[in-house]
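Each chain is listed here by its residues.
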Amino acid sequence: MDLSIFDVVGPVMIGPSSSHTAGAARLAFVARQIAGEFTRVSFGLHGSFARTYRGHGTDRALVAGALGLSPQDERLRTSFDIAKERGLQYDFYLTELPDAHENSVKMTFTHPDGSTLDVVGASLGGGRILITRIGEYAAEITADAPTLVIAHQDKRGMVSTVTHILASNGLNIGVMRLSRTARGGAACCVIEIDGGLPREVVREISCVPDVISVRAIDATDAAEGGAERV
């Protein structure tokens, strides 16, 4: 069996649990990058998360991630106090998510204009995560590589325009997934990039007509914490 030292030892993290603490913090951190600016976040806890979230510190880990703290940050244990200082409102409730992993959470972010965005994801163990839904769109985001989340109108040539921008900047696409609510309506394109993801590329894509929003998830930021991307 081919095992890495990461598989045996696991990630550097604040405990007690890689799935309920480190994974939860990373999950909320990635969801934060997808959501953009927000003033409140509600956490709907499913399965094992719902049963043990207080004892395993899942609640503090989720708030820490929403604040932009990494799983390695020792301030994770005091995330409630930090949230109060920064004016971040949050709440927890128990819910049932159909066909969801045991360690799943539905995060509802409220933006300054009152609009909301739901991000659903799961902590898979060992600090690994999977974002399964963004708003109305199905997703498969692991944040193991730099990732673009592009909301746009479902019009002919949109995908080719975006891929041309990436290619002209010397970026190679590792994985691309497209989801839409209806033909000709709104769509969501998720692209994993091999290598880095320059800020200027994100800005160039955001200027494309019929692009609604662009969010960039940096693999290093998602694993270690860091500044929110443009």
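Further up the page is the structure itself.
Below: a short report on this structure. (Residues numbered from 1 in each chain as written. Predicted model: local features only at pLDDT ≥ 70, side-chain atom pairs only at ≥ 80, totals over all residues. Heavy atoms only, no water.)

Some thoughts on the packing of aromatic side chains
So, point 1. In this structure the tally under the stated criterion is 6 aromatic pairs.
So, point 2. On the numbers, 6.4 Å between centres and 50° between planes, the contact of Phe80 with Phe92 is tilted. Taken together, the residues span a long stretch of sequence, with Phe80 in helix 5 (residues 79-86) and Phe92 in strand 2 (residues 89-94) at a distance of 12 residues.
So, point 3. For Phe92, a relative accessible area of 24% translates into the label partly exposed.
So, point 4. Between Tyr90 and Phe92, the ring centres sit 5.9 Å apart and the planes meet at 70°, which makes this aromatic pair edge-to-face. (Phe/Tyr/Trp six-rings, centres within 6.5 Å; stacked < 30°, edge-to-face > 60°. Helix = DSSP H or I, 4+ residues; strand = E, 2+ residues; numbered from the N terminus. Buried < 20%, exposed > 50% of the residue type's maximum accessible area, 1.4 Å probe, protein only.)

Some points on helix 6 (residues 158-168)
So, point 1. Taken together, the buried positions of helix 6 are Met158, Val162, Ile165 and Leu166. Buried residues of helix 6 fall within an arc of 95° about the axis and therefore sit on the same side. Residues of helix 6 that are exposed and point over 90 degrees away from its buried face: His164 and Ala167.
So, point 2. The inward-facing, buried residues of helix 6 contact strand 7 (147-153), strand 8 (172-180), strand 9 (186-194), helix 7 (199-206) and strand 10 (211-217).
So, point 3. Positive backbone phi, approximately 75°, marks Gly170, located one or two places after helix 6. (Arc of directions from axis to C-beta. Contact = heavy atoms within 4.5 Å.)

Quick word on the layout of surface pockets
So, point 1. In this structure, the largest pocket occupies an estimated 420 Å³ of space.
So, point 2. Every residue lining the largest pocket is counted, 19 residues in all, and those nearest its centre are Leu117, Ile134, Tyr137, Ala151 and Ser213.
So, point 3. Considered class by class, the residues forming the lining of the largest pocket number 11 nonpolar, 5 polar and 3 charged. (1 Å grid on protein atoms, 1.4 Å probe; cavity = no way out; pocket = protein on both sides within 12 Å on 5 of 7 lines; lining within 4 Å. Points joined across faces, edges and corners; volume = space filled by probe spheres on them. Nonpolar A, V, L, I, M, F, W, Y, C, P; charged D, E, K, R; others polar.)

Details of the sheet that holds strand 4 (residues 116-125)
So, point 1. Spatial ordering of the open sheet is given by 2-1-3-4-5-6, a layout of 6 strands whose pairing is mixed. Each of the sheet's edge strands pairs with one partner strand only, and the pair in question is strand 2 and strand 6 (137-141). Direction aside, neighbouring strands of the sheet carry axes that sit 20° apart on average.
So, point 2. Along the sheet face, helix 4 (residues 58-67) touches strand 1 (40-46), strand 2 and strand 3 (103-110) and points at about 140° away from the line of strand 1. (Pairing = 2+ DSSP bridges. Axes fitted to C-alpha atoms, helices over the stretch in contact; angles between N-to-C directions.)

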